[in-house]
Amino acid sequence: MAFVPLLNRACRFQLTSSQQEMFLKEYKIRSLLERLVHHYAEKQLPQFSLRRLYDQSTKLDHNYILQNARDTIEWLIIYNARRLSDFRRLPYLVILNPSISECYSSYLHTMSSLITASLDAPTTAQDNEKFVETLEDFIEVHADTLPVLSKGFTEVLHLISQEQVTHFLDNHLRERIVMRLIAHQHVQLTKTLCSDEYVPGGKFNGVIRQLNIADVITKNAELVNDICLMKYDQSVPITIDTNMYPPAFWSRQDPHDSPRNKGDPNMFPYIEYHLDYILMEIFKNSFRAHIENGVSDPVQVTILTSESPSYLELRIRDKGKGIPPNILSHIFDYSFSTYESGEGDSYKTLNVPPGAAGNTVAGMGYGLPLLKNYVEIFNKTEGSKIMGLLTMQSYLGWGTDVYLKTVGTE
Amino acid sequence: MLRTPLRTLGSIRQYSTPVPSISSFSYIDDDFLSAVSQREIAKYLDSLGPFPSYSQILNPQHFFQNELLLKYVEKDPHPVSLRQLAGYGKVLTKQKIVNSANFVRIELPIRLAIRIRDLQTLPFGVVNNLHLAQVYESYYRLFNVLRRWPKITTLDDNEAFCSVLSNLLTDHMSNLPHLMMGALEVSILDSLNQNDLDQFMSLMIRSRISRRVIVEEHLSLTDNYKTAPYSSKPPDYIGGIFHPCNAAEHYRHVAEVVKASLTDVYPDKEKMPDLEIDGDLDTKFPFMVPHLHYLFGEILRNSYEATIKTHGDKTSRKLPAIKITIINGKKQVILRISDRGGGLSHDKLSNIYSFGKSPQRARESLAKFHRIPGLRLQTNFKLAGSEDDESHQDALLLHTSLGEQQQNDQKSSTLQTLISRPHQYRLGLGLPMSRIYADYWNGDLQMNSLEGYGCDTSLTLSKLGFHSNTVLLDRAY
């Protein structure tokens with residue numbers, strides 16, 4: 001038989017050299033992008049811990065803030081690349097979902113600005129001011145991504161297992177909290193340095209402040225009551241009591257023999273916006289339960305603080321009739337499959353009317369699982385035996401006790 | 001073949017063939033960490049998004065439009081056996097041609113949908129590279145064209161349908177290299193483990209073979225009906241796309257092609273190893289010629305390259321011959337190819353059938369791939385943020401600029417381009433690819449080595465007529 005002359009045939013398909021050049025140029029850039037993300041995602045991150053937040057605060061001065069800017073960029077690039085990599089591990093079709101791709105793309109966007117920032121790392125105070133603006137943009141870009149992400153995952157439930165979603169979201173939400181905290185910390189350190197609040201060598205120049213816990217509780221109860229007034233035209237009273245023998249209850253030393261004076265504040269060093277988020281979520285659930293069950297009794301909050309070692313425990317006790325067992329077992333799940341009736345969601349959230357104060361995540365079913373992430377964020381990083389903990393005990397027909405324990409740093 | 005670690009790219013430049021004008025190999029080096037590159041990269045990061053601007057398929061609506069494909073995935077493909085092909089083609093009628101056309105029309109979208117769905121379940125980072133996204137786009141476009149195609153009732157309908165099919169064979173030629181390069185991308189980023197990658201590649205390539213066989217068989221039936229509707233077929237007829245092949249003759253032909261491709265490294269063609277063929281010299285069996293050539297080509301290429309490498313600069317005499325033994329069995333043809341190219345160390349032998357490479361090797365291989373003369377690499381790829389927008393391909397499936405190619409009686413094939421590629425384009429994918437092709441036709445490919453002496457490759461090809469009851473294509477929809 002006659003064979004086709006292979007070599008001649010091949011030549012007819014030859015690209016012009018300019019076509020090939022174009023292709024190679026585009027290809028090169030494209031593959032560099034992937035490798036860059038891959039490279040940073042594989043990099044080791046320093047352990048994130050409360051201790052580091054304190055270190056940053058005590059070292060703070062005009063030189064250190066520039067060093068800290070560079071570190072902040074490097075850490076954020078790595079976290080950002082890890083987020084991108086995790087997205088890229090999801091099935092192809094899942095990312096093609098417009099909502100999920102919107103989230104993914106927002107990380108591409110911030111990756112781009114972070115890399116640019118890393119090339120122009122601040123060397124003067126003015127540079128740093130500009131970098132803080134970049135960070136504020138960064139925080140802003142990622143502020144409202146959760147409702148979109150939640151919508152997206154609702155739409156891909158038939159394409160992906162619940163374990164996969166949970167695994168992704170657990171990592172995603174945790175690292176998202178850390179990223180935002182790193183950014184907030186640098187912004188706060190910069191602000192403090194330029195203000196009269198700056199204490200050289202002090203522990204509270206950054207996001208960690210000495211908080212009057214009772215004040216924080218009152219503030220958040222008021223915020224949630226604003227929402228309740230809008231939605232139900234009712235509000236729920238709270239009472240606050242505290243441990244009697246401060247401040248060394250867990251140190252196994254002899255307690256102070258005099259009880260705490262009434263009015264002595266319970267101070268505890270923590271990140272205020274984290275505590276705000278935690279308390280809002282808990283109050284939303286408790287207050288709603290009180291109102292819907294027609295309970296007029298107050299919600300009781302008990303504060304226990306210790307200085308050495310440094311702990312905060314809270315118990316929020318409501319009389320909202322408890323949580324049915326079938327719902328209780330799913331209460332920390334991302335609400336995407338377990339609730340056939342709308343009933344379950346009522347325990348998760350108090351839907352926030354548009355424009356009202358509060359976290360928009362509420363109502364998306366991510367409230368409680370995210371809350372757990374906020375409480376336990378320092379768990380794995382502190383290395384101490386007692387760690388951040390959120391537990392919930394339901395007394396069906398009576399009420400619910402929520403226990404919150406979080407660790408400070410000695 | 002992996003007899004030695006691949007040469008570094010620098011050494012490619014010593015060859016006399018002009019390398020295409022791109023001199024920068026920076027996607028091989030680590031220079032993406034330099035400040036200049038990073039500034040450049042930062043501009044283009046959006047290109048890693050899921051919806052490239054060039055795409056006709058990938059946009060925010062695609063996810064919802066895809067519901068339709070999910071319904072197709074639930075349908076069962078219809079297995080085809082060679083016996084069906086053979087029986088069908090023996091006596092042709094108008095109705096048979098029309099039925100055959102409708103079978104292709106209904107069957108292809110189902111099979112495509114299954115493969116598209118496979119791609120959709122892989123990690124985004126695997127599919128969203130330049131090469132695999134290209135494959136995805138091309139499969140999806142074809143799926144859309146075929147699922148909308150109206151029922152074929154007349155020979156004229158069939159004529160129009162065939163011209164589309166014929167064009168799409170050409171149009172989809174670039175998918176094979178894109179798949180292979182996609183596999184290299186996966187190795188570079190280590191985004192799938194080796195087993196998953198091999199399984200994926202095997203599935204994609206088998207499925208591709210089976211779809212092309214179905215299409216080519218229909219084209220051949222149509223052609224046959226037009227030219228000689230009442231011609232009688234030989235008793236061993238198993239379909240229009242299979243030709244009786246004389247093994248020795250084909251070996252000699254392919255050896256010439258391979259030798260010609262190696263003259264850059266070893267200009268003295270006269271001294272290149274001879275082929276010494278013994279055994280059943282007049283063995284003839286039906287096979288698809290491009291597949292046969294590809295299999296022979298990759299194996300001979302390995303043997304020639306190894307022999308030249310081992311002996312080329314040590315002797316001025318003729319290099320040791322490559323010996324081929326043809327064994328004509330009842331149900332199969334066994335081909336043994338023995339060379340004296342120095343053999344292969346045993347640790348390398350274990351890994352030669354895998355698509356998975358080390359990132360470094362994959363990068364080198366990919367860089368060579370991109371420079372193979374004659375391979376169709378043009379893509380619709382357009383970087384986000386790049387300004388030159390005029391070269392948008394008008395990408396209409398039905399009108400390719402290569403329509404004239406169809407005048408030839410034999411379809412052009414990527415396989416042919418691959419075996420005639422010059423020596424420096426050593427890819428490391430020949431054996432895994434060959435094994436899939438051999439396996440697809442119920443054959444086998446094994447390699448044994450005498451370290452320090454040479455390699456023996458055993459290629460078994462079934463005589464397809466004897467296995468006609470096996471639902472060959474069914475293994476690969």
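Just above sits the structure.
Residues numbered from 1 in each chain as written. Chains lettered and ligands numbered in written order. Predicted model: local features only at pLDDT ≥ 70, side-chain atom pairs only at ≥ 80, totals over all residues. Heavy atoms only, no water.

1. Details of the overall build of chain B
Phase 1 of the analysis: Check the secondary structure of chain B and you find 16 helices and 7 strands.
Phase 2 of the analysis: By residue count, 61% of the 477 residues in chain B fall in the buried class.
Phase 3 of the analysis: About 18,800 Å² of surface is accessible on chain B, with carbon and sulfur atoms providing 50% of the total. (Helix = DSSP H or I, 4+ residues; strand = E, 2+ residues; numbered from the N terminus. Buried < 20%, exposed > 50% of the residue type's maximum accessible area, 1.4 Å probe, protein only. Areas by Shrake-Rupley, 256 points an atom, 1.4 Å probe, with all protein chains shown as cover.)

2. Thoughts on the overall build of chain A
Phase 1 of the analysis: Each helix and strand in chain A was counted, giving 15 helices and 7 strands.
Phase 2 of the analysis: Considering chain A as a whole, with its 410 residues, one finds that 54% of them fall into the buried category.
Phase 3 of the analysis: Within chain A, contacts between residues at least 6 apart in sequence are counted, and of these 75% link residues at least 24 apart.
Phase 4 of the analysis: In the form shown here, chain A has an accessible surface area of approximately 17,700 Å², with 51% of it arising from carbon and sulfur atoms. (Contact = heavy atoms within 4.5 Å.)

3. Looking at the sheet that holds strand 6 (residues 389-395) of chain A
All names here are of chain A.
Phase 1 of the analysis: Taken together, 5 strands build an open sheet; the order of strands is 2-4-5-7-6 and the sheet is mixed. The strands lining the two open edges of the sheet, one partner per strand, are strand 2 (238-242) and strand 6. Across this sheet, the average inter-strand angle for adjacent strands is 15°, counted without regard to direction.
Phase 2 of the analysis: With 5 bridges connecting them, strand 2 and strand 4 (residues 299-306) associate as parallel partners. Paired with Ile 238 across the strands is Val 299, a residue of strand 4.
Phase 3 of the analysis: Relative to strand 6, helix 14 (residues 367-376) is tilted by about 135°, and along the sheet it contacts strand 6 and strand 7 (399-407). (Pairing = 2+ DSSP bridges. Axes fitted to C-alpha atoms, helices over the stretch in contact; angles between N-to-C directions.)

4. Side note on the packing of helix 7 (residues 125-141) of chain A against helix 9 (residues 162-193) of chain A
Residues and elements named next belong to chain A.
Phase 1 of the analysis: Two numbers describe how helix 7 lies on helix 9: the axes approach to 10 Å, and their chain directions differ by 145°. Regarding helix 7 and helix 9, the two cross each other, and that crossing is left-handed. For the pair formed by helix 7 and helix 9, the contact residues are Asn 128, Glu 129, Phe 131, Val 132, Leu 135, Glu 136, Phe 138 and Ile 139 on the first element and Met 179, Arg 180, Ala 183, His 184, His 186, Val 187, Thr 190 and Lys 191 on the second.
Phase 2 of the analysis: Broken down by class, the residue content of the contact of helix 7 with helix 9 amounts to 8 nonpolar, 4 polar and 4 charged. (Left-handed = near helix turned anticlockwise from the far one by under 90°. Nonpolar A, V, L, I, M, F, W, Y, C, P; charged D, E, K, R; others polar.)

5. A few points about the packing of aromatic side chains
Phase 1 of the analysis: This model, assessed by the stated rule, comprises 22 aromatic pairs over all chains.
Phase 2 of the analysis: Each ring, one from Tyr 104 of chain A and one from Phe 124 of chain B, has its centre 5.1 Å from the other, and the planes form 75°; the classification is edge-to-face. Here Tyr 104 of chain A, found in helix 6 (residues 98-119), pairs with Phe 124 of chain B, found in helix 6 (residues 124-127), and the two come from separate chains.
Phase 3 of the analysis: Looking at Tyr 104 of chain A, the relative accessible area reads 0%, which means it is buried.
Phase 4 of the analysis: A connected cluster of aromatic rings, assembled from ring pairs, spans Phe 87, Tyr 92, Tyr 104, Tyr 107, Phe 153 and Phe 168 of chain A together with Tyr 72, Phe 124, Tyr 136, Tyr 140 and Phe 143 of chain B.
Phase 5 of the analysis: When the ring centre of Trp 75 of chain A is taken as origin, the NZ or CZ atom of Arg 52 of chain A, which lies over that ring, is 3.8 Å away.
Phase 6 of the analysis: Over the ring of Tyr 353 of chain B we find Arg 435 of chain B, and its NZ or CZ is 3.6 Å from the ring centre. (Phe/Tyr/Trp six-rings, centres within 6.5 Å; stacked < 30°, edge-to-face > 60°. Lys NZ or Arg CZ within 6 Å of the ring centre and 35° of its normal.)

6. Side note on the side chain of Thr 325 of chain B
All names here are of chain B.
Phase 1 of the analysis: Following the sequence through the fold, Thr 325 ends up in strand 4 (residues 322-328).
Phase 2 of the analysis: A polar contact of 3.0 Å, which involves the side chain of Thr 325, links it to the side chain of Asp 278.
Phase 3 of the analysis: Beyond its immediate sequence surroundings of up to four residues, Thr 325 is in contact with Asp 278, Gly 279, Ile 334, Leu 335 and Arg 336. (Polar contact = N/O pair within 3.5 Å; in protein donor to acceptor, adjacent residues only side chain to side chain.)

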